[in-house]
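The primary structure of each chain is shown beneath.
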Amino acid sequence: MTLSRRGILSAALSGAALAISGQARAQSFAFKPNQRYPDPAVEILDPSFAKYRLYSSTVEQLASGMRWAEGPAYFPDEGVLLLSDIPNNRIMKYSEKDDSFTVFRSPANYANGNARDRQGRLVSCEHSVTRRITRTEKNGTVTVLADSFEGKRLNAPNDIVVKSDDTIWFTDPLFGINGNWEGFKAKSEQATTNVFRIGTDGKLTAVITDLVNPNGLAFSPDEKKLYVVEWKGTPNRSIWSYDVNADGTVGNKVKLIDAADQGSLDGFRVDRDGNLWCGWGSNGALASDPLDVNGRKVFPLKGRSEDLDGVMVFNPSGKPIGFIRLPERCANLTFGGPKNNRLYMAASHSLYALYVETEGAV
């Protein structure tokens, strides 16, 4: 199974490195990068996006073999990227130093979103079973930061960000307990699906309670705005913008982005100029009328996945300005690399990367 863009991993990698069991094995996909510059996979939807495209950079596939890649987080001190492979119940590790792709943690309590805190530690959303927020200390021990609210278990923590004041913000939709694909089906104990804040004193506060299954979230570069994806928007998936108050509350809810045209927002990150780089793909909606396929009536998707899969880039006003076309749906992404200008994209079975002429806001 090919697990890197070079197609070869050192035979010395053994044990936890690449001992992927039959139960965890998933389909790997070959990928051929574009030979010509500029890469036609990087599409300019508005002239303002041209300055972010590096003329001599192409989309690369770094690894494949996952079932649903999510939650990438970059650690500059080690030069590694961690990301979740949720159905396989593991966190994977990509190393920039030797291009290796190995198992970092298995089992991982169906971890979904991951982030690096200001002290360089991993904080994770354990999406099912434990249903909690954890921090991995430098010595490898795991500290539980939150697992209940008002005496009731959390739903299924999904995505997570760390603010510069060391507070931790995360979303808590139902996806990890809705079925047995990303964990185990269970009943919700919370009355609503919330966005939570963990204060530096450890106190857990529900800062947003009126979104139906909040998903990805991120702050503007100055942290005066909080952006949150709502899975069940009106009528499409949406990104809502909130003003962040000095006391940790939020207000002034405004819809910034509506994922029309069959698009589906998921995880996203913000660059230094305030642009939102969003995981994008089909929302799975069916056309109203079936097609005749070999004598059978088949309901196709409203939008073709091959036209939607990738990363959609919006400016701070919510206008689409760029699109990065991928051969798989992108669920989440992050900026990394030594110069913080490498866009890592967790897309279904694979991990992709592209150098861009901007940096992550964090």
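What counts as what
Residues numbered from 1 in each chain as written. Predicted model: local features only at pLDDT ≥ 70, side-chain atom pairs only at ≥ 80, totals over all residues. Heavy atoms only, no water. Helix = DSSP H or I, 4+ residues; strand = E, 2+ residues; numbered from the N terminus. Rg over C-alpha atoms; globule rule 2.2 N^0.38 Å. Buried < 20%, exposed > 50% of the residue type's maximum accessible area, 1.4 Å probe, protein only. Contact = heavy atoms within 4.5 Å. Areas by Shrake-Rupley, 256 points an atom, 1.4 Å probe, with all protein chains shown as cover. Lys, Arg positive; Asp, Glu negative; His and termini not counted. Charge placed at Lys NZ, Arg CZ, Asp CG, Glu CD. Pairing = 2+ DSSP bridges. Axes fitted to C-alpha atoms, helices over the stretch in contact; angles between N-to-C directions. pLDDT = per-residue confidence, 0-100. Core = buried A, V, L, I, M, F, W, Y, C linked by side-chain atoms within 4.5 Å. Salt bridge = Lys/Arg side-chain N within 4 Å of Asp/Glu carboxyl O.

## Here we look at the overall build of the protein chain
Step number 1: Across its full length, the protein chain holds one helix and 29 strands.
Step number 2: The C-alpha atoms of the protein chain give 20 Å as radius of gyration, which agrees with the globular expectation for 362 residues (21 Å, within 12%).
Step number 3: Put simply, the protein chain has 362 residues, and 55% of those count as buried.
Step number 4: Partitioning the contacts of the protein chain with sequence separation of at least 6, the portion at a separation of at least 24 is 50%.
Step number 5: Total accessible area on the protein chain is roughly 15,900 Å²; 49% of this is exposed by carbon and sulfur atoms.
Step number 6: Between the mean site of the 43 positive side-chain charges and the mean site of the 42 negative ones, the protein chain shows a separation of 3 Å.

## A look at the sheet that holds strand 29 (residues 350–355)
Step number 1: Strand order in the open sheet formed by four strands is 2-29-28-27, and the pairing between neighbours is antiparallel. Each having just a single partner strand, strand 2 (60–64) and strand 27 (332–336) make up the two edges of the open sheet. Each strand axis lies, on average, 20° off the axis of its neighbour in the sheet, ignoring direction.
Step number 2: Here strand 27 runs beside strand 28 (residues 342–347); their pairing, made up of five bridges, is antiparallel. Residue pairing in the sheet places Leu333 in a bridge with Met345 of strand 28.

## Here we look at the confidence of the model for the protein chain
Step number 1: Looking at the protein chain as a whole, its pLDDT mean stands at 92, while 93% of the residues score no less than 70.
Step number 2: Confidence drops under pLDDT 50 across residues 1–23; counting only partners more than four residues distant or on other chains, this segment forms 47 contacts.

## Here's the deal with the sheet that holds strand 14 (residues 168–172)
Step number 1: The strand order across the open sheet built from four strands is 13-14-15-16, with neighbouring strands paired in antiparallel fashion. Two strands lie at the open edges of the sheet, namely strand 13 (160–162) and strand 16 (204–208), each paired on one side alone. Averaged over neighbouring strand pairs, the angle between their axes works out to 25° when direction is ignored.
Step number 2: Pairing analysis gives three bridges linking strand 13 to strand 14, with the strands arranged antiparallel. In the strand pairing of strand 14, Val162 is matched with Ile168.

## Regarding the nonpolar core
Step number 1: One finds Trp277, Val311, Ile324, Leu326 and Met345 to be the most contacted residues of the largest nonpolar core, which totals 20 residues.
Step number 2: Breaking this core down by element, the ones donating at least two residues are strand 25 (310–314), strand 26 (320–325), strand 27, strand 28 and strand 29.
Step number 3: Counting residues per element, this core draws most heavily on strand 28, which supplies three residues.
Step number 4: The next biggest cluster of nonpolar side chains, apart from the first, holds 17 residues, and it includes Ala259, Val270, Leu308 and Phe314.

## Structural notes on the pattern of salt bridges
Step number 1: For the structure shown, the criterion picks out 19 salt bridges.
Step number 2: Note that Asp77 and Arg116 form a salt bridge whose closest N and O atoms lie 4.0 Å from each other. Placement of the pair is Asp77 in the loop between strand 3 (69–75) and strand 4 (80–85) and Arg116 in strand 7 (residues 111–116), with a sequence separation of 39 residues.
Step number 3: Judged by relative accessible area, which is 31%, Arg116 ranks as partly exposed.
Step number 4: Residue Lys225 is joined to Asp243 by a salt bridge in which the shortest nitrogen-to-oxygen separation is 2.5 Å. Of the two residues, Lys225 is situated in strand 18 (residues 225–230) and Asp243 in strand 19 (residues 238–244); the sequence distance between them amounts to 18 residues.
Step number 5: Here the salt bridges share partners, and the residues they tie into one network are Asp117, Arg121, Arg135 and Glu137.

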